[in-house]
Amino acid sequence: PPIPNLPVQFFIAMKGQQAGPFDVNQLASMVTSGQIVEKTLVWKHGMAEWQAAISIPELQHLFIQPSHQPPPLPPES
């Protein structure tokens, strides 16, 4: 039978210790609460070494802050 599609699990370096595994939703909550920042080291199965969270394609969207203000109106003609 086919292997079920399991969510990607990440480990993080937190206070000098390895923590996890966490899925992307858990990491999103940790970004929101400030526990994880762009430079936090993360690792998942298949990676050769630990890397900064911002450098991982699956995690980059967690650090993009949406603009809550509309752009300025264009000048009237």
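See the structure shown above.
The sections below set out a description of the structure shown in this document.

Quick notes on the packing of aromatic side chains
According to the stated counting rule, one finds one aromatic pair in the structure shown. Seen from their ring centres, Phe 11 and Trp 43 are 6.0 Å apart, and the 45 degrees between their planes marks the pair as tilted. In this pair, Phe 11 sits in strand E1 (residues 10–14) while Trp 43 sits in strand E3 (residues 41–44), placing the two residues 32 residues apart along the sequence.

A word on the sheet that holds strand E2 (residues 17–22)
Either a parallel or an antiparallel arrangement is found when strands of a sheet pair, and the pairing is made through backbone hydrogen bonds. In space, the four strands of this open sheet follow the order E2-E1-E3-E4, with antiparallel pairing throughout. Both outer strands of the open sheet, E2 and strand E4 (51–52), are each paired with one neighbouring strand and no more. Judged from the two bridges that link them, E3 and E4 form a sheet pairing that is antiparallel. Counted as the bridge partner of Val 42 is Gln 51 from E4.

What counts as what
Residues numbered from 1 in each chain as written. Predicted model: local features only at pLDDT ≥ 70, side-chain atom pairs only at ≥ 80, totals over all residues. Heavy atoms only, no water. Phe/Tyr/Trp six-rings, centres within 6.5 Å; stacked < 30°, edge-to-face > 60°. Helix = DSSP H or I, 4+ residues; strand = E, 2+ residues; numbered from the N terminus. Pairing = 2+ DSSP bridges.

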